[in-house]
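A structural walkthrough
Listed here are the chains, written in short residue letters.
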Amino acid sequence: MAFKLYFLSFFLITVNPLLAQDKTSGIQTIISREMQERRIPGLQLAVVQHGKIVFSKSYGIANIQDSIPVTGKTVFAINSCTKVFTSVAIMQLAEAGKLNLSAPVSAYIDSLPATWKAVTIKQLLTHTSGFPDLLKVLDPDVGSVGTLKREQVIWEKLKTIPMEFKPGERFSYNQTNAYLLGKIIDKLYGQPFARIFAENQFQPVGMQSTVFGDSRDIIPHFAPTYSYKQYIDGQKLNKEVLTNNYYEFPYFHRTASGLNSTAEDMAKWIIALQSGVFLKSKSTLDTMWSPATFNNGTPTPWALGWGLTKFRQHHRAIGMSGGGRSAFLIYPDDDLAIIVLTNLAGGSPEDFLEELAGCYNPEIPNADPVTYLRITLRKTGFEQAIEITDREKKQNPLFNPNEFELNEWAYRMMSKNQLKEATEIFKLNVHLYPQSWNTYDSYGEALLKGGFRAEAISMYKKSVALNPDNGHGKKVLEQLSAP
């Protein structure tokens, strides 16, 4: 009874402001605030509820150079949101009996290094493979093929780079995983994956604006991507300036980050996915939306190809983010989905998806501890993060902020020059997960960036003590110990 009373008071305190407004004004309040604070030029929002698009609206400027406003036809880069389309293509192969998720990659791709051969399809999908990252051999500035020029040369070079860790031991997000999944799709279908995606996913549901491409391609109604930079050509500017982003996704890399779409096209895709158009069996969908496990039996932070995962008791959600500019969440038990696409790298719409979902179900923001902290700390100050979290944990047994989500959130803030706020969240993560080597490593990075050298060294030492294989921590300590 005490818990129920607490939850009711918590609910009334946090969501009454939204209850006093209709859905549209609630959405407008959130979007206006976030676009202003994050300096997002243009944005599209779509909401799916009960199998229908119930809200679709465009905001701001799509093309700053020519003052072209965002409309429902504006096409945005969705970057790593592409990976969920790749996941569906793999699950279609599994459902058809052409692929075994537990089988090693070597069952489908020849000429792999010996250390690669035991890695499974599931480990590719959950980024627990340990493979070296494809980005290490692509041009670091724009993602092009660079001096290596051809895929075959890049592929051979990639295979010479050592594994990062034993497969299944830990999580490390990298682009090699999706690259190999694309090679598997090509081989098992005997056709290019771009054609397979179009025939099996885009065309059946009328996704006419969804296309592969990058800065080299002519894409109708395309919104260029922008970013704020303080360093240009190695020179520090007096203040951040808004710049055009130029990026290339070589064809073989496009299963990782190559798609462009609209919020309404994404909404159509979500409706089709949930209604059995792409995957005939609900068990297949459930498998895709469930975490795998590490070698020690603990669950992975990702589901199979899906990176925004909230496996909580109430109002579970799953989705994906891409390039810090596009994101969506599906709430299977609430029959709801929120899609936000922007043209700002670093806009990070994943940070406010749950608040938008709260306009349709006010209980959703309450179900997510990280969303609650984001809302509360914005008002109280981030220095109270530990105090507020400890208080909530005592009162509510379901209040357990996720280590992975806290870490990702803090890094996003740090990338937007919110170092003070990010440092407090890294500190909170160490407080909550004192046996995690990664929390100390991340906290040490923020402390070092803030000029707290001695404190940073202490954190890195704790990280390496917990994980002697932490190469990054060892390297930083060596650099800090040098004269």
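None of these values were measured; they are calculated from a predicted model.

The rules behind the values
Residues numbered from 1 in each chain as written. Predicted model: local features only at pLDDT ≥ 70, side-chain atom pairs only at ≥ 80, totals over all residues. Heavy atoms only, no water. Axes fitted to C-alpha atoms, helices over the stretch in contact; angles between N-to-C directions. Helix = DSSP H or I, 4+ residues; strand = E, 2+ residues; numbered from the N terminus. Parallel < 35°, antiparallel > 145°, perpendicular 65-115°, else oblique. Contact = heavy atoms within 4.5 Å. Nonpolar A, V, L, I, M, F, W, Y, C, P; charged D, E, K, R; others polar. Buried < 20%, exposed > 50% of the residue type's maximum accessible area, 1.4 Å probe, protein only. Salt bridge = Lys/Arg side-chain N within 4 Å of Asp/Glu carboxyl O. Pairing = 2+ DSSP bridges. Core = buried A, V, L, I, M, F, W, Y, C linked by side-chain atoms within 4.5 Å. Patch = residues over 30% accessible without salt bridge, like charges linked within 9 Å, V, L, I, M, F, W, Y side chains within 5 Å. Areas by Shrake-Rupley, 256 points an atom, 1.4 Å probe, with all protein chains shown as cover. Expected span 1.5 Å × (residues − 1).

1. Here's the deal with the packing of helix α6 (residues 176-189) against helix α7 (residues 193-202)
- With their axes 9 Å apart at the nearest point, α6 and α7 run at an angle of 75 degrees to one another. Classed by the angle they form, the pair α6 and α7 counts as roughly perpendicular. Contacts between α6 and α7 involve G182, I185, D186 and Y189 on the former and, on the latter, F193, I196, F197 and N200.
- Here the contact of α6 with α7 is built from residues that sort into five nonpolar, two polar and one charged.

2. What about unusual backbone geometry?
- Residues other than glycine seldom take positive phi values, yet N79 does so here, at roughly 50 degrees.
- Residue position: N79 is located in strand β4 (residues 76-79).
- N79 gets classed as buried once you look at its relative accessible area, which sits at 8%.

3. Digging into the packing of helix α13 (residues 369-380) against helix α15 (residues 403-415)
- Between α13 and α15, whose axes approach to 10 Å, the crossing angle comes to 40 degrees. With respect to α15, the axis of α13 lies oblique. From α13, V370, L373, R374 and L377 reach across to α15, where they touch E405, L406, W409 and R412.
- Per-class residue counts for the contact of α13 with α15 are five nonpolar, no polar and three charged.

4. Quick look at the pattern of salt bridges
- By the definition in use, this model includes 26 salt bridges.
- For the salt bridge of D110 with K187, the shortest nitrogen-to-oxygen distance reads 3.9 Å. Residue D110 is found in the loop between α3 (82-95) and α4 (121-125), and its partner K187 is found in helix α6; the two are separated by 77 residues along the sequence.
- With a shortest N-O distance of 3.6 Å, K136 and E164 are connected by a salt bridge. With K136 in the loop between α4 and α5 (151-158) and E164 in the loop between α5 and α6, the pair connects residues that are 28 residues apart, well separated along the chain.
- Judged by its relative accessible area of 53%, K136 is exposed.
- Residue classification places E164 among the partly exposed positions, given a relative accessible area of 30%.
- Connected through shared salt-bridge partners, R33, E34, R38, E350, D351, E355, R374, R378 and R412 make up one network.

5. Topic: the side chain of S257
- On the secondary structure map, S257 appears in helix α8 (residues 254-257).
- Taking the relative accessible area as the measure of exposure, S257 reaches 6% and is therefore buried.
- Those residues in contact with S257 that lie beyond four places of it in its chain are N79, S80, T82, K83, Q175 and F249.

6. Brief notes about the pairing of strand β1 (residues 42-49)
- Summarising burial for β1: eight of the eight residues are buried, a large majority.
- By the alternation rule, side chains of β1 split into G42, Q44, A46 and V48 and L43, L45, V47 and Q49, which are all buried.
- In this structure, β1 lies alongside strand β2 (residues 52-63), joined through eight bridges in antiparallel fashion. Considered in β2, the bridge of L45 is made with K57.
- The loop that links β1 with its antiparallel partner β2 comprises two residues; one of these, H50, has a positive phi angle of about 55 degrees.
- In this structure, β1 lies alongside strand β14 (residues 336-342), joined through seven bridges in antiparallel fashion. Note on β14: the bridge partner recorded for V47 is I338.

7. Some points on the nonpolar core
- I121, W269, W306 and F328 are the most contacted members of the largest nonpolar core, which totals 76 residues.
- With residues up to four places along the chain from it excluded, the contact list for W306 reads V84, S87, W269, L273, M288, W289, I318, G319, M320, F328 and I330.
- Formed by 26 residues, the second largest nonpolar core is a distinct cluster that contains L43, A327, L336 and L353.

8. What about a nonpolar patch on the surface?
- A surface patch of nonpolar side chains, about 200 Å² in accessible area, is lined by I61, I64 and L242.
- Looking at the element boundaries, I64 is found in the loop between β2 and β3 (68-69).

9. Re α3
- For α3, spanning 14 residues, the distance from its first C-alpha to its last is 20 Å, which sits close to the expected 20 Å at 1.5 Å a residue.
- Extensive coverage of α3 is indicated by the burial of 12 of its 14 residues.
- Where α3 is concerned, the buried positions are T82, K83, V84, F85, T86, S87, V88, A89, I90, M91, Q92 and L93.
- Once α3 finishes, G97 follows within two positions and takes phi at roughly 80 degrees, a positive value.

10. Describing the pairing of strand β13 (residues 326-331)
- The buried count for β13 comes to six of six residues, which makes it a mostly enclosed element.
- By the alternation rule, side chains of β13 split into S326, F328 and I330 and A327, L329 and Y331, which are all buried.
- Adjacent in sequence and paired antiparallel, strand β12 (residues 317-322) and β13 are bridged by three residues, among which G323 carries a positive phi angle near 65 degrees.
- Two strands pair when backbone bridges link them, and β13 and β14 are joined in this way by six bridges, in the antiparallel orientation. Its bridge partner lying in β14, A327 is registered against V340.
- In sequence, β13 turns back onto β14 through a hairpin of four residues, with D335 there showing a positive phi of about 55 degrees.

11. As for the sheet that holds strand β8 (residues 259-261)
- Reading across from one edge, β4-β8-β5 is the order of the three strands in this open sheet, with antiparallel pairing throughout. Of all the strands in the sheet, the pair left with one neighbour each is β4 and β5 (211-212).
- As defined by bridge partners, β5 adjoins β8 across two bridges and the pair is classed as antiparallel. Its bridge partner being in β8, V211 is matched across the sheet by N260.

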